[in-house]
Amino acid sequence: MWTLAGQGCWRRCALAAWATRAVRRGLPAPRPAPTRGAAAESKPPDRSYSSADRKEKIDMSRFPVENTRNFSIIAHVDHGKSTLADRLLELTGAIDKTKNNKQVLDKLQVERERGITVKAQTASLFYDYEGKQYLLNLIDTPGHVDFSYEVSRSLSACQGVLLVVDANEGIQAQTVANFFLAFEAQLSVIPVINKIDLKNADPERVEKQIEKVFDIPSDECIKISAKLGTNVESVLQAVIKRIPPPKVHRKNPLRALVFDSTFDQYRGVIANVALFDGVVSKGDKIVSVHTQKTYEVNEVGVLNPNEQPTHKLYAGQVGYLIAGMKDVTEAQIGDTLYLHKQPVEPLPGFKSAKPMVFAGMYPIDQSEYNNLKSAIEKLTLNDSSVTVHRDSSLALGAGWRLGFLGLLHMEVFNQRLEQEYNASVTLTTPTVPYKAVLSSAKLIKEYREKEITIINPAQFPDKSKVTEYLEPIVLGTIITPDEYTGKIMMLCQARRAVQKNMMYIDQNRIMLKYLFPLNEIVVDFYDSLKSLSSGYASFDYEDAGYQTAELVKMDILLNGNIVEELVTVVHKDKAYSAGKAICERLKDSLPRQLFEIAIQAALGSKIIARETVKAYRKNVLAKCYGGDITRKMKLLKRQTEGKKKLRKVGNVEVPKDAFIKVLKTQSDK
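This write-up is about the structure you can find in this document. Everything quoted here is computed from the prediction, not taken from an experiment. (Residues numbered from 1 in each chain as written. Predicted model: local features only at pLDDT ≥ 70, side-chain atom pairs only at ≥ 80, totals over all residues. Heavy atoms only, no water.)

## Here's the deal with the overall build of the protein
To be explicit about the condition: Only runs of H or I of at least four residues qualify as helices and only runs of E of at least two qualify as strands under DSSP, and these elements are numbered from the N terminus. For the exposure calls, accessible area comes from a 1.4 Å probe over protein chains only, and a residue counts as buried if that area is under 20% of its type's maximum, exposed if over 50%, partly exposed in between. Only heavy atoms matter for contacts: two residues are in contact if any of them lie within 4.5 Å across the pair. Each accessible area value is a Shrake-Rupley result obtained with a 1.4 Å probe; residue values ignore everything except the protein chains displayed when judging cover.
Across its full length, the protein holds 16 helices and 31 strands. Put simply, the protein has 669 residues, and 51% of those count as buried. Contacts in the protein between residues far apart in sequence, at least 24 positions, make up 69% of those at least 6 positions apart. Counting only carbon and sulfur atoms, one obtains 50% of the accessible surface of the protein, whose full area is about 33,600 Å².

## Some points on helix H5 (residues 173-184)
Helical geometry: 3.6 residues make up each α-helical turn, so side chains three or four residues apart lie on a common side. In plain terms, the rule: Between the first and last residue of a helix there are one fewer steps than residues, each counted as 1.5 Å, and that sum is the expected span.
Compared with an ideal rise of 1.5 Å per residue, which puts 12 residues at 16 Å, H5 spans 17 Å between its outermost C-alpha atoms and is within 8% of the ideal. Three or more residues of H5 are buried, namely Ala173, Gln174, Thr175, Val176, Asn178, Phe179 and Ala182. Just downstream of H5, Gln186 is the residue with a positive phi angle, here 55 degrees.

## Observations regarding empty space enclosed by the protein
We count it as follows: A 1.4 Å probe that fits into a set of points on a 1 Å grid over the protein atoms alone but cannot get out defines a cavity; an open set with protein on both sides within 12 Å along at least five of seven lines defines a pocket, and lining residues are those with an atom within 4 Å of a point. Grid points are joined across faces, edges and corners, and a volume is the space filled by probe spheres set on the points. Amino acids are sorted into nonpolar (Ala, Val, Leu, Ile, Met, Phe, Trp, Tyr, Cys and Pro), charged (Asp, Glu, Lys and Arg) and polar (every other residue, Gly among them).
Within the structure shown, the criterion is met by 6 cavities of 30 Å³ or more. Here the largest cavity defines a volume of roughly 150 Å³. Every residue lining the largest cavity is counted, 15 residues in all, and those nearest its centre are Arg401, Asn456, Pro457, Glu564 and Glu565. Sorting elements by how many residues they give to the lining of the largest cavity places strand S18 (residues 387-393) first, with 3 residues. Class assignment for the residues of the lining of the largest cavity results in 4 nonpolar, 7 polar and 4 charged.

## Details of the sheet that holds strand S13 (residues 307-309)
Adjacent strands of a sheet form backbone hydrogen bonds with each other and so pair up, either parallel or antiparallel. For clarity, the cut-off: At least two bridges found by DSSP between two strands is the condition for calling them paired. Helix axes are fitted only over the stretch in contact, all axes being lines through C-alpha atoms; the angle between N-to-C directions runs from 0 to 180 degrees.
Across the sheet, 8 strands lie side by side as S11-S10-S16-S7-S8-S15-S12-S13; this open sheet has antiparallel pairing. Each having just a single partner strand, strand S11 (294-296) and S13 make up the two edges of the open sheet. For this sheet, the mean angle separating the axes of adjacent strands, direction not counted, is 40 degrees. Here strand S12 (residues 299-303) runs beside strand S15 (residues 318-322); their pairing, made up of 3 bridges, is antiparallel. When the bridges of S15 are listed, Glu299 appears paired with Ile322. Relative to the sheet, helix H8 (residues 369-382) contacts strand S7 (255-264) and strand S8 (268-277), its axis offset from that of S7 by approximately 145 degrees.

## What to know about the layout of surface pockets
Roughly 1,400 Å³ of volume is contained in the largest pocket. Looking at the largest pocket, it is lined by 46 residues, and the ones nearest its centre are Ser148, Ser152, Leu181, Glu184 and Lys351. Those elements that place two or more of their residues in the lining of the largest pocket are helix H4 (148-155), H5, S8 and strand S26 (538-549). If you tally residues by element for the lining of the largest pocket, the top one is H5, at 7 residues. Of the residues contributing to the lining of the largest pocket, the split by class is 25 nonpolar, 11 polar and 10 charged. In this structure, the second largest pocket is lined by 39 residues; those nearest its centre are His144, Tyr526, Lys530, Ala537 and Phe539. Elements supplying a minimum of two residues to the lining of the second largest pocket: helix H9 (407-421), helix H12 (518-521), helix H13 (525-532), S26 and helix H16 (656-668). When residues of the lining of the second largest pocket are assigned to their parent elements, the largest contribution, 4 residues, is made by H13. Its residues assigned to classes, the lining of the second largest pocket comprises 16 nonpolar, 11 polar and 12 charged.

## Concerning the nonpolar core
To keep it simple, the criterion reads: In this description, a nonpolar core means a group of buried Ala, Val, Leu, Ile, Met, Phe, Trp, Tyr and Cys residues linked to one another through side-chain atoms lying within 4.5 Å.
In terms of nonpolar packing, the biggest core is built from 34 residues, with Ile478, Phe516 and Phe525 touching the most fellow members. Tallying contributions element by element places strand S23 (residues 466-481) first for this core, with 4 residues. With residues near it in sequence (within four places) discarded, Phe525 still touches Ile478, Leu491, Cys492, Arg495, Phe516, Glu520 and Phe539. Ranked by size, the runner-up nonpolar core spans 30 residues in total, among them Leu89, Leu136, Leu162 and Val232.

## Considering the pairing of strand S2 (residues 121-129)
A large share of S2 lies buried, amounting to 8 of its 9 residues. Taken together, the 9 bridges between S2 and strand S3 (residues 132-140) define a ladder with antiparallel strand orientation. Note on S3: the bridge partner recorded for Ser124 is Asn137. Turn length for the S2-S3 hairpin, with the two strands adjacent in sequence and antiparallel, is 2 residues, and the turn residue Glu130 shows positive phi of about 50 degrees.

## As for the environment of Glu330
Counting through the fold element by element, Glu330 comes out in the loop between S15 and strand S16 (336-339). Between the alpha carbons of Glu330 and Val269 there is a distance of 8.3 Å; along the sequence they are 61 residues apart. Not counting the four nearest positions on each side in its chain, Glu330 is found in contact with Ser288, Thr291, Lys293, Tyr295, Met325 and Asp335.

## Thoughts on unusual backbone geometry
The residue Asp78 is not glycine, and still its phi comes out positive at about 65 degrees. Assignment of secondary structure puts Asp78 in the loop between strand S1 (68-75) and helix H2 (81-91).

## Some words on a negative patch on the surface
The condition that has to hold: Residues form patches when they are more than 30% accessible in relative terms and have no salt bridge. Like charges link within 9 Å. Nonpolar side chains (Val, Leu, Ile, Met, Phe, Trp, Tyr) link within 5 Å. By definition, a salt bridge exists where a carboxyl oxygen of Asp or Glu is found within 4 Å of a side-chain nitrogen of Lys or Arg. Note on charges: Lys and Arg go in the positive column, Asp and Glu in the negative column, and His and the chain ends are not counted at all. For this purpose, a charge sits on NZ of Lys, CZ of Arg, CG of Asp or CD of Glu.
Taken together, the side chains of Glu211, Asp215, Asp219 and Glu220 define an acidic patch exposed on the protein surface. Examined against the element boundaries, Glu211 turns out to sit in helix H6 (residues 203-214).

## Digging into the packing of aromatic side chains
What counts is decided by this rule: Aromatic contacts are taken between Phe, Tyr and Trp rings whose centres are within 6.5 Å, Trp giving its six-membered ring; a plane angle under 30 degrees counts as stacked, one over 60 as edge-to-face, and the others as tilted.
Counted under the stated rule, the structure contains 15 aromatic pairs. On the numbers, 6.4 Å between centres and 80 degrees between planes, the contact of Tyr434 with Phe460 is edge-to-face. Of the two residues, Tyr434 is situated in strand S21 (residues 434-438) and Phe460 in the loop between strand S22 (451-454) and S23; the sequence distance between them amounts to 26 residues. The two residues Tyr434 and Phe460 agree in class, both being buried.

## Topic: the pattern of salt bridges
Side-chain pairing between opposite charges can occur once the charged atoms of the two side chains come close. Inspection of the entire model under this criterion finds 19 salt bridges. Notably, a salt bridge pairs Glu307 with Arg267, separated by 2.9 Å at the nearest N-O pair. Remark: Arg267 occurs in the loop between S7 and S8 and Glu307 occurs in strand S13; sequence separation between them is 40 residues. Close ionic contact of Glu451 with Lys435 constitutes a salt bridge, the shortest N to O distance being 3.7 Å.

Geometric values such as these leave the question of function open.
Below, the structure written as structure tokens:
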């Protein structure tokens, strides 16, 4: 038997022999295992971060208010916001110049996979210009209409914006929407024409569009190529010259606005703050206006683009703050933070997001309910535009009804739940919030209001109880090459849209404005528009209130029993086609039984569509090799009576995977 000393001697000999073979083959020799004393030594620095991450704490007092600029990058989808942000980070030395720098600020896995920005991200840049060092706080924003709430929140921490427009595609629908968000916030706008290196780029045409639509002189446009880095330096210089410094007072008591927050499992809530007055440093006691709780600041710093701790943060600066908030409900976006015993008037905060689409969300296994609840709470802290109401269903169990800003927003939220929290969920059919005006005083007393909002179709009131139904409408903007105008107008008319305006923005591009019922565009309108226009048309919408409509509740019945999860609200004119489509999908999804299953779509007591799942049938005539027909008829009659009896006592339970299949197909059509 070996002694321990013998084992150690054998290990050292084996390691030496391995090292010799490795050197002969030209491979790096293996490192010896650390001794017990060495095990406690610190790890070598992570090479994946830039040199900026390993610096000492930065002294933020070096940047007076007049040398500070806060700005956002806004644009339509895929016009090069994140690529421009990468070049600005490289120019200011925040990240090393390498070929791997692609969408550095897009940190989420879903952003990398889809190639879009979902979360606004902050980065503090240090830039020397004319002998002075400037602090430039950059916020990269999403471009899709579903994430416009992120854009409006980001603009609250800024004094100016870079409006990026593609030199090839020109002004698009979301470019117009984002410009007016900045215009309403009274921010300085610097137009940047990107992608001038493309073969079909026409920056002069885009300059004329900007002048016509936004009334910005063409000589103020900066022409760049963010991909190649052409003329990007002039963007930083324009930020310093054209965007004013923040109007703040450092001698006043602290007033900080929480404009974003994330949850870290070890450090608690990390709040992104914009300081409007005063100074905050580690060890300060701060109070939240929303919860009135007091916290001690554990760490303050700037994002560069990774977290970089500092000694203090001063008014006019944007950074992060960790104060031991362990509960996700404690860091409300739009909250004001102030120093203990120095109360201040709270900042205006943000207008709450108005959900456009509602969907039921249930755990696939009810034992995962608490884990999913925790995951939703943490994710809604990071994405405050999602509204959450508790809900339950006979088939799917306990769950929630969530409100989203659009269908892409719903898909991204679901994908983030799966990727970041490993949570698998079932999503029901997306619906929009309808309203009903109640008819009797008794009902008004019961509901405590005359006009009720319905977010769950199963709770849609009967026509006898209401005077009228209201459906949400939106003002849609479509920008398209004029050759597709006819097809797009026909599509809009098929979706019950009303044309409001039509304007040429240049020789061959046209801007159409329509009033749409929201439920007509929420599922597949964008896909239809893109396919009709060969991908050239762009679409954006904004809330336009409610209008009266002929709405009906459509029930789906299996052998006469209503399936609550598949109840939908549809316009009267479209009830038949919608009912037939659901019945056909259910027919393909339901497993066959020993008895016949009738799948029906009904409006009240009127059946408008039907499909039948045929029963499994034993061949009772197999033993009859001829003989009298009456013998065969007797056997068939006995079988029919047995099936009839079985159908009376047999219940049809819809399997969960069939539910998911029907609901998924509905949202993918």
